[in-house]
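Breakdown of the fold
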Amino acid sequence: MPKRDLIEPLADEIKACRKCGLWRQRKNAVPGEGNLDAAVMLVGEAPGYWEDVKGRPFVGAAGKILDEMLSKAGISRSAVYITNVVKCRPPENRDPLLSEIETCTPYLDRQIKIIKPKFLVTLGRHAASYILAKVGIETEGITKIHGRIYEVNLLGSDVFIIPVYHPAATLYNAKYRDELDKDFQLLKLRLERGW
Ligand code: SF4
């Protein structure tokens with residue numbers, strides 16, 4: 001079946017979802033968007049204020065940084081697929097609860113199985129710990145593991161997982177911004193090298 005025929009009904013399912021309490025305060029669920037044949041899938045934590053307003057991922061201040069990093073790495077935003085671990089905005093941008101992550105992530109798993117990316121870039125600690133735990137890797141904290149490349153089989157496909165800082169964490173921290181930049185340059189090199 002074409003990927004579009006799988007991803008669109010899934011997005012509709014997410015937009016109507018009431019499986020955890022986060023639906024109560026959302027304006028819009030944010031299923032994700034992008035190129036269905038993307039080699040690179042980016043997974044953030046949860047929608048923020050502007051993402052909730054617009055129903056699209058990474059459209060606020062963190063999205064601007066992400067766009068800058070992608071652009072510097074020569075990767076077009078239209079070439080990647082972007083989503084989050086949790087699809088609805090937690091109130092006041094608090095961390096998602098474990099129960100919310102557990103309830104919501106079957107959607108992310110289904111998206112990964114449909115897109116089948118070659119590189120899965122996790123943005124921030126929540127995305128890193130969820131994805132790496134699925135392949136039996138315990139995370140040691142994002143400051144230690146960012147920029148590493150984990151070659152694993154995830155949900156039936158071979159994939160390179162690259163954890164990086166969440167762009168929002170680099171808003172007021174130049175050191176983190178430099179590290180994020182370096183990690184995207186690493187991704188660029190691997191893409192140019194053909195994995
Ligand atoms: S966060 Fe996920 S599980 Fe919770 S209501 Fe939104 S889509 Fe459903």
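In this report, the structure presented in the accompanying data block is examined. (Residues numbered from 1 in each chain as written. Predicted model: local features only at pLDDT ≥ 70, side-chain atom pairs only at ≥ 80, totals over all residues. Heavy atoms only, no water.)

**Some remarks on the packing of aromatic side chains**
Counted by the stated rule, this structure contains three aromatic pairs. Ring centres 5.1 Å apart and planes at 90° place the aromatic pair Tyr-49 and Trp-50 in the edge-to-face group. Tyr-49 sits in the partly exposed class, given a relative accessible area of 43%. In this structure, Arg-18 is placed above the aromatic ring of Trp-23, and the distance from its NZ or CZ to the ring centre is 3.9 Å. Lying over the aromatic face of Phe-160, Arg-190 brings its terminal NZ or CZ to 4.9 Å of the ring centre. (Phe/Tyr/Trp six-rings, centres within 6.5 Å; stacked < 30°, edge-to-face > 60°. Buried < 20%, exposed > 50% of the residue type's maximum accessible area, 1.4 Å probe, protein only. Lys NZ or Arg CZ within 6 Å of the ring centre and 35° of its normal.)

**Remarks on the sheet that holds strand S6 (residues 157-164)**
Spatially, the six strands line up as an open sheet ordered S1-S3-S2-S4-S6-S5, and their pairing is mixed. A strand with exactly one partner marks an edge of an open sheet, and here the two such strands are strand S1 (33-34) and strand S5 (150-154). Sheet topology places S5 next to S6; five bridges connect them, and they run antiparallel. Bridged to Asn-153 within S6 is Asp-158. (Pairing = 2+ DSSP bridges. Helix = DSSP H or I, 4+ residues; strand = E, 2+ residues; numbered from the N terminus.)

**A word on the site of the ligand**
Neighbouring the ligand are the residues Cys-17, Lys-19, Cys-20, Leu-22, Trp-23, Arg-26, Val-86, Lys-87, Cys-88, Thr-103, Cys-104 and Tyr-107. Its residues assigned to classes, the shell around the ligand shows eight nonpolar, one polar and three charged. (Near = heavy atom within 4 Å. Nonpolar A, V, L, I, M, F, W, Y, C, P; charged D, E, K, R; others polar.)

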